[in-house]
Amino acid sequence: MGALPALPVAVPLLVAAALVGLAPVIRRQVADAVALATALAVAALCAALLVQAAGGPVVYWFGGWRPRGGIALGVAFTVDPVGAGFATLAGVLAVAALVYSWRIFEAVSPLYHALMLVFLAAIVGFCLSGDLFNMFVFYELLSVAAYALAGYHTEDPGSLRGALNFAMTNSVGAFLVLAGIALLYGRTGALNLAQLGQTLAAAPADRLVVVAFLLLMVGFFVKAAVVPFHFWLADAYALAPIPVGVLFAGVVSELGLYAVARVYWTVFSGPLAGGGGLRAVLLLGAVATALLGGVMCVLQHHLARMLAYATVSHVGLTLAGFALLAPEGLAGAVLYLVADGLVKGALFVSIGLVQHHLRDIRELELHGRGRDLPWAAALMALGALGLAGVPPFGTFRGKALMEEAATAAGHPWLTALFVAVAALTSAALLRAAGRVFLGIGVPRIDALRRRVRAAPHPHIHSTLIGPAVLLLAGALALGLAPGLPGRVEAAAERFTDRPAYAAAVLQGATGEAARTTHHAPGSLAVPAALAVLSALLGAALALAALRPRRRPAGRLTRAAGRVWAPTAAVLRDLHSGNVGDSVAWLVVGLAGFGTLLALVAR
Amino acid sequence: MTPTLRRRVFLVAAAVAGGLLLWGLTGLPDYGVYPGPYGDVLNAVAVDERKATNVVAAVTFDYRGVDTMGEEYILFAAVVGVAIVLRAQRGETEQLPDEDAADRRAPGTSNAVRVLGLALLGPVVLFGIYVVAHGHLSPGGGFQGGVVLATGALLVYLSGEYVTLRRVRPVALIDLAEGSGAAGYVAIGLLGLAAGATFLENVLPLGQPGALLSAGTMPLINLAVGVEVAAGFVLLLSEFLEQTLVLRRPGEVT
Amino acid sequence: MIYLPYLVAAWLFLVGLYGIVTSRNLVHAVTCLSVVQSSTYILLLAVGFERGGTAPIFLDVPVGTKAVDPVVGALTLTDIVVGATVSALLLALAVQIFKHHGTLDPERFRSRDD
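Since we're looking at a predicted model, the values are computed, not measured. (Residues numbered from 1 in each chain as written. Chains lettered and ligands numbered in written order. Predicted model: local features only at pLDDT ≥ 70, side-chain atom pairs only at ≥ 80, totals over all residues.)

## Some thoughts on the overall build of chain A
So, step 1. A tally of helices and strands in chain A yields 23 helices and 2 strands.
So, step 2. Expected size for 602 residues packed as a compact globule is a radius of gyration near 25 Å; at 23 Å, chain A falls within 12% of this value.
So, step 3. Projected onto its principal axes, the C-alpha coordinates of chain A cover approximately 75 × 65 × 50 Å.
So, step 4. Of the contacts made within chain A by residues no fewer than 6 positions apart, 84% connect residues no fewer than 24 positions apart. (Helix = DSSP H or I, 4+ residues; strand = E, 2+ residues; numbered from the N terminus. Rg over C-alpha atoms; globule rule 2.2 N^0.38 Å. Contact = placed C-beta atoms within 7 Å.)

So this is what it looks like as structure tokens:
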């Protein structure tokens, strides 16, 4: 169907408007059913788009305005497998979130459902768009819906403050993006990605191009929560409603990285190509994000905050894949991102399960109280393994591709980073799971006094476990599907091929791009061993954290403790949740990245 | 960070960032010289192709109509978001302000304000409708006209009491208007699909430039946007006024 | 070459950010965000300005008269709507925060416990 690209955006918007227009007369069950049906339809439409885009980019010009003489007059959606894949991911996560909120969530219906549908529509539009300002509009739309949904729990002042910090910091980021768009428009007079790329490719990079890229990159990095633009994330993601957290952790943070990749490859890969320096700058950001996120994750005892920092650190790992600026790294990053999003969605649902049954979400308070929730325990343990990137999860395949690309590009040390960060994040989760579900470790005195065993439930409603199981199954399917890495690599090749993209958009060329020969994928034995190693490291760290100290600590342990404790205190203080702090760090990051870019891109 | 440290860190970083920004901005073409093709092409062809004399409106509602649909929904999402964030919490009750007016000796609204407000109400609403209707011809359009219309509601509140405002703007009607304005835009887009063209294609008869009923779907879109913006701002106004004037925690006095 | 409009845009941007960073009142911080946003309006409109050009409205003037760029006008219109609505949402959040803490001063909020 020719109009397929427009439908996954138009349909949820229309249904959301209807839900609000008829709000006084719609009952909760009707709103639930309608919203769920719409989300399913969106997921199905995006999957159909993915299939259609596999044969060549699908270009859809709104309003019938086709380009004239290489000048784009209207707005286009350019659908390629990567964009359609993320849109499908968003649809799937939205279905899971809406199934979850069907049973548990006390929704201010149908306003909540309307906002979730608008949120979904905006994410899909953002992924499919081929016009820079159109991307900005959908970016702002998904942000506004996100701010409102993050502040949903109005009885919780922490949640409100987190939403305010979220809104202020991300708005500043959005204005940075807009400034970058203004600069590019001033130079080229174009807003279409392909046209921008063609115009910029004609001249070498000068200061305007560098600063425009800086502004766009930093603006999108704020959404992605790359260090030091990440200070807003923990409060917002951890205290938002669980179904909203599923979407946040599953796809929203990653959209920032997608945007930078898309903008780089379609617009800037001409003038800013061959960037050994650019690669170094991006890798610096990736390493800082991955490590800081991992360390903060281990320091948390609030389960949702733990997941929020795990999201940050995995954004760092994904950025490392993108930062290699080559198709193989991009392919690994994309695959890792989708599988990781599914796993994090499942983990959010399982945390929601725990919170619903035990009325608490803090690890220390929950000590041993989860003994009667074997399902939640299994889900969390499997999720931890998925985060660690253990085969046969899809995250393993993504990481293997990224590690291979890193070694080929001359950065073999990235493999060590992947192992270390995977160990950290899975350690935090395994420690939490051990404490909550198995009661390992010494409980705090006050937790002992307040211990109330959860009333044994004869059954846990399937709508609570179902979404998590399905999401984990999806992550497993990505890891087991035959031929998937090859297809993702082919999609990444097309994503990074700027001239072919421009030809498809501006001249309507539909021919298949020339395929560069694929190297046969290397043996998976080494990556598998490394992944299992990181999982084992994680388990060891978790046990070390839980086991009571029997012998007096050795000198090495005491020295490590002397360094660790004050560092942890400083890190905790830095992440204060204060709006002024977040914005100040944003400007520091802008200045830092800007200086580095100006130095390397000349 | 302590406030002093934060200010110092910011000033250093802002100096560097500001320098970089200016360095980049000097790469722009001269101020007052617009080189790019996009605007010139549209200025040349828009009036002829779409029979709309306001080229900015043609860009907003036709050439880049999808952007405006997204923008309308940003307003929609923000209004719904405010309604969710400012909803009555547990323990808050509604208490209309005129219930304790009996023994209150605060001065009522002065007659001058009341007369002026009511006298202006008609012209303001009329002007708002004019701006919405002529969006494709002269400066204006759905967004601007919608805001003017919403100020009519503000005039009602200023020239009367809050209860008057509540009587004048039944919540169900405003919700319906908000929803239909937003849905209307998408419906017009789907109209294009139904007519066998692309989404949001201008498929209605175009008429003559300068006439009120010209430019195809543009007046319709202006109408939808105007309704949605007016309803949205009235809702925002009511939500905030309700927070201040109506919702009371137990034990709280005016 | 005239740089004044670009200087003004950069200045407004930084001044607004300074206001947010040193703010002692959430409503003040939200207003500073509007200042940051107005810098983007100026940048956009300056980029599309054509010296000697009239508004791109051809009701009274014939088509072909030198006019400024209509596209940046449309972009700024979108930008204004976005900014107004985000401000509304932020102020709603500020109202609810005030009800919980009794103050709008960010320094006086207890940092959340872990």
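Moving on from the model shown.
## Considering the overall build of chain C
So, step 1. A tally of regular secondary structure across chain C gives 3 helices and 0 strands.
So, step 2. Starting at the N terminus and walking to the C terminus, you meet the elements of chain C as α-α-α.
So, step 3. In summary, chain C has a C-alpha radius of gyration of 19 Å against a globular reference of 13 Å for 114 residues, an excess of more than 25%.
So, step 4. Considered along the principal axes of its C-alpha atoms, chain C spans approximately 65 × 30 × 20 Å.
So, step 5. Long-range pairs, those at least 24 residues apart, make up 51% of the contacts in chain C with a sequence separation of at least 6.

## Considering unusual backbone geometry
So, step 1. Residue Val227 of chain A is joined to Pro228 of chain A through a cis peptide bond whose omega torsion reads 0 degrees.
So, step 2. Along the chain, Pro228 of chain A falls in the loop between helix H8 (207-224) and helix H9 (233-239).
So, step 3. Each neighbour pair has its own omega, and for Pro391 of chain A with Pro392 of chain A the value is 5 degrees, a cis peptide bond.
So, step 4. By secondary structure assignment, the location of Pro392 of chain A is in the loop between helix H14 (374-388) and helix H15 (394-408).
So, step 5. Backbone geometry at Lys51 of chain B places phi at a positive 55 degrees, although glycine is not the residue there.
So, step 6. Residue position: Lys51 of chain B is located in the loop between helix H2 (37-50) and helix H3 (55-63).
So, step 7. Given 21 C-beta atoms within 10 Å, Lys51 of chain B falls into the buried group. (Buried ≥ 20, exposed ≤ 12 C-beta atoms within 10 Å, placed from the backbone.)

## Side note on the interface of chain A and chain B
Note on interface size: it is often stated as the accessible area lost on association of the parts.
So, step 1. Facing the 65 residues of chain A at the interface are 58 residues of chain B.
So, step 2. Residues of the side of chain A that touches chain B, tallied by class, amount to 45 nonpolar, 14 polar and 6 charged. (Nonpolar A, V, L, I, M, F, W, Y, C, P; charged D, E, K, R; others polar.)

## A closer look at helix H21 (residues 525-546) of chain A
Residue and element names in this part refer to chain A.
So, step 1. With 22 residues, H21 should cover 32 Å at 1.5 Å per step; its first-to-last C-alpha distance of 32 Å lies within 8% of that length.
So, step 2. Among the residues making up H21, those that are buried are Pro527, Leu530, Ala531, Ser534, Ala535, Gly538 and Ala542. All buried residues of H21 project into a common sector of 140 degrees when viewed along the axis, lining one side. Turned more than 90 degrees away from the buried face of H21 sit Ala525, Ala529 and Ala544, all of them exposed. (Expected span 1.5 Å × (residues − 1). Arc of directions from axis to C-beta.)

## Structural notes on helix H4 (residues 65-85) of chain B
So, step 1. Compared with an ideal rise of 1.5 Å per residue, which puts 21 residues at 30 Å, H4 of chain B spans 30 Å between its outermost C-alpha atoms and is within 8% of the ideal.
So, step 2. When you tally the buried positions in H4 of chain B, you get 21 out of 21 residues, the bulk of the element.

## As for the nonpolar core
Buried together is how nonpolar side chains tend to be arranged in soluble globular proteins.
So, step 1. Grouped together as the largest cluster of nonpolar side chains are 371 residues, with contacts concentrated most on Leu115, Val118, Phe119 and Ala145 of chain A, Ala77 of chain B together with Leu89 of chain C.
So, step 2. For this core, the leading source of residues is helix H10 (residues 242-268) of chain A, giving 19 residues.
So, step 3. With residues up to four places along the chain from it excluded, the contact list for Leu89 of chain C reads Val144, Tyr147, Ala148 and Ala167 of chain A together with Ala78, Gly81 and Val82 of chain B. (Core = buried A, V, L, I, M, F, W, Y, C linked by C-beta atoms within 7 Å.)

## What to know about the interface of chain C and chain A
So, step 1. In this complex, chain C contributes 32 residues to the contact, which on the side of chain A involves 37 residues.
So, step 2. Put simply, the parts of the chain that give the side of chain C that touches chain A at least two residues each are helix H1 (4-21), helix H2 (26-47) and helix H3 (70-101) of chain C.
So, step 3. Examining the composition of the side of chain C that touches chain A, we find that 14 residues originate from one element, H3 of chain C, more than from any other.
So, step 4. Of the residues in the side of chain C that touches chain A, the class split is 19 nonpolar, 10 polar and 3 charged.

## Thoughts on the environment of Glu363 of chain A
Residues and elements named next belong to chain A.
So, step 1. Residue placement: Glu363 occurs in the loop between helix H13 (327-358) and H14.
So, step 2. What makes Glu363 buried here is the crowd of 22 C-beta atoms within 10 Å.
So, step 3. When sequence neighbours within four positions are dropped, the list of residues in contact with Glu363 reads His301, Leu303, Ala432, Arg435 and Val436.

## Digging into the environment of Thr76 of chain C
All names here are of chain C.
So, step 1. Looking at the secondary structure, you find Thr76 in helix H3.
So, step 2. Sequence spacing of Thr76 and Thr31 is 45 residues, and the spatial spacing of their C-alpha atoms is 18 Å.
So, step 3. Dropping the residues within four chain positions of it, Thr76 is found in contact with Tyr41, Leu44 and Leu45.

## Quick notes on the packing of helix H23 (residues 579-600) of chain A against helix H1 (residues 3-25) of chain B
So, step 1. Packing of H23 of chain A against H1 of chain B leaves a shortest axis separation of 8 Å and a crossing angle of 35 degrees. The two elements H23 of chain A and H1 of chain B meet at a crossing, and its hand is left-handed. For the pair H23 of chain A and H1 of chain B, contact is made by Gly580, Asp581, Ala584, Val587, Val588, Leu590, Ala591, Gly594, Thr595 and Ala598 of chain A and by Arg6, Val9, Phe10, Ala13, Ala14, Val16, Ala17 and Leu20 of chain B, respectively.
So, step 2. Tallied by class, residues from the contact of H23 of chain A with H1 of chain B come to 13 nonpolar, 3 polar and 2 charged. (Axes fitted to C-alpha atoms, helices over the stretch in contact; angles between N-to-C directions. Left-handed = near helix turned anticlockwise from the far one by under 90°.)

## Quick look at the confidence of the model for chain C
Segments scoring low in pLDDT should not have their predicted coordinates read at a detailed level.
So, step 1. Scored by pLDDT, chain C has a mean of 88; 95% of the residues are at 70 or more.
So, step 2. Under the prediction, the complex receives an ipTM of 0.94, its pTM being 0.93. (pLDDT = per-residue confidence, 0-100.)

## So, the packing of H8 of chain A against H23 of chain A
All names here are of chain A.
So, step 1. Orientation of H8 relative to H23, taken along the N-to-C sense of each, is 140 degrees, at an axis distance of 10 Å. As for how H8 packs across H23, the hand of that crossing is right-handed. Where H8 abuts H23, its residues Val210, Leu214, Val218 and Val222 lie against Leu586, Gly589, Leu590, Phe593, Gly594, Leu597 and Ala598.
So, step 2. When grouped by side-chain class, the residues that make up the contact of H8 with H23 number 9 nonpolar, 2 polar and no charged.

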